[in-house]
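# What the coordinates show
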Amino acid sequence: MNTPPALVVALDFPEENQALNLARKLRGVVPWVKVGLELYLASGRQFVQHLKKMGFSVFLDLKFMDIPNTVQAATAQVTAMGVDMLTIHALGGRAMCEAALTGRAQAHEAGTTPPLILGVTLLTSLGPADLAWQPRGTAESLHKLTLDLAASAQKWKLDGVVCSGREVCDIRNTCGASFQLLTPGIRLPDAACGDQARVCTPAQAARDGSNFLVVGRPITRAENPVQAAEEYLRDMA
Ligand code: C5P
């Protein structure tokens, strides 16, 4: 049987105070929080470190994609902040992914656990019509490209990838048990999907072998976020 995945709540808020209010409620209930571009730009490095002091594992989801030298330096900065997981785009290619690993090694403090570096495969918001370099793209070619990117990320020694629930099973079969898979677009069977097109239930993603499930609005916008988080935790267990 698979080890149950960890629940990561996406603190998608425009202001630090809103994120802090929710984090206070979720402390002790949820192990991980995600800080994305919006909150990071609003609140910055000190808030990330505050979340760490509150006892959360922190996933800083800034999805780096730039020339290798820049990504190396950015990854070193994030590593020095003491976060537990970060993202880069696998589409940035081999040299960029390897540069991120170098940046982590440069900044990692001896005796601490270095952050996991995950590669974003294809954004789950992309559809066949969005593949400008492949004008007659199909759902199958998108799926294949995602699997190819995951295999490349593994070859380049990233710790894992971000993928939709639809790809978890195939990537797990191709990349083996220790490759870390993080899955957004998670919804309980009766929940509203919002703008997420490729959703998956916590139970299904857990069965297929995902390691981290990212849930945002179903928890952040719930009347009782703690109760909502507990429902997701029950389903994935
Ligand atoms: O509110 P919801 O549960 O849809 O939030 C999902 C979170 O996962 C958001 O923070 C979103 O940015 C993130 N995400 C995603 N799809 C990806 C990568 C990240 O939905 N491919």
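Reference entry: report on the structure contained in this document. (Residues numbered from 1 in each chain as written. Predicted model: local features only at pLDDT ≥ 70, side-chain atom pairs only at ≥ 80, totals over all residues. Heavy atoms only, no water.)

Pairing within the closed barrel is parallel, and its eight strands lie in the order β1-β2-β3-β4-β5-β6-β7-β8. Recorded for the sheet is a direction-independent mean angle of 25° between the axes of neighbouring strands. Where helix α2 (residues 37–53) meets the sheet, its contacts fall on β2 (32–36) and β3 (57–64), and the angle it forms with β2 comes to roughly 145°. (Pairing = 2+ DSSP bridges. Helix = DSSP H or I, 4+ residues; strand = E, 2+ residues; numbered from the N terminus. Axes fitted to C-alpha atoms, helices over the stretch in contact; angles between N-to-C directions. Contact = heavy atoms within 4.5 Å.)

All told, the structure shown has six salt bridges when counted by the stated rule. Among the ionic pairs, Asp-61 bridges to Lys-34, the shortest N-O distance being 2.8 Å. Here Asp-61 is found in strand β3, whereas its partner Lys-34 is found in strand β2, with 27 residues between them in sequence. Judged by relative accessible area, Asp-61 falls into the buried class, the value being 8%. Overall, the relative accessible area of 11% leaves Lys-34 in the buried class. A salt bridge links Lys-63 to Asp-61, with the nearest nitrogen and oxygen atoms 2.8 Å apart. Each member of the salt-bridge network shares a partner with another, and the members are Lys-34, Asp-61 and Lys-63. (Salt bridge = Lys/Arg side-chain N within 4 Å of Asp/Glu carboxyl O. Buried < 20%, exposed > 50% of the residue type's maximum accessible area, 1.4 Å probe, protein only.)

By themselves, these observations are geometric and do not establish any function.
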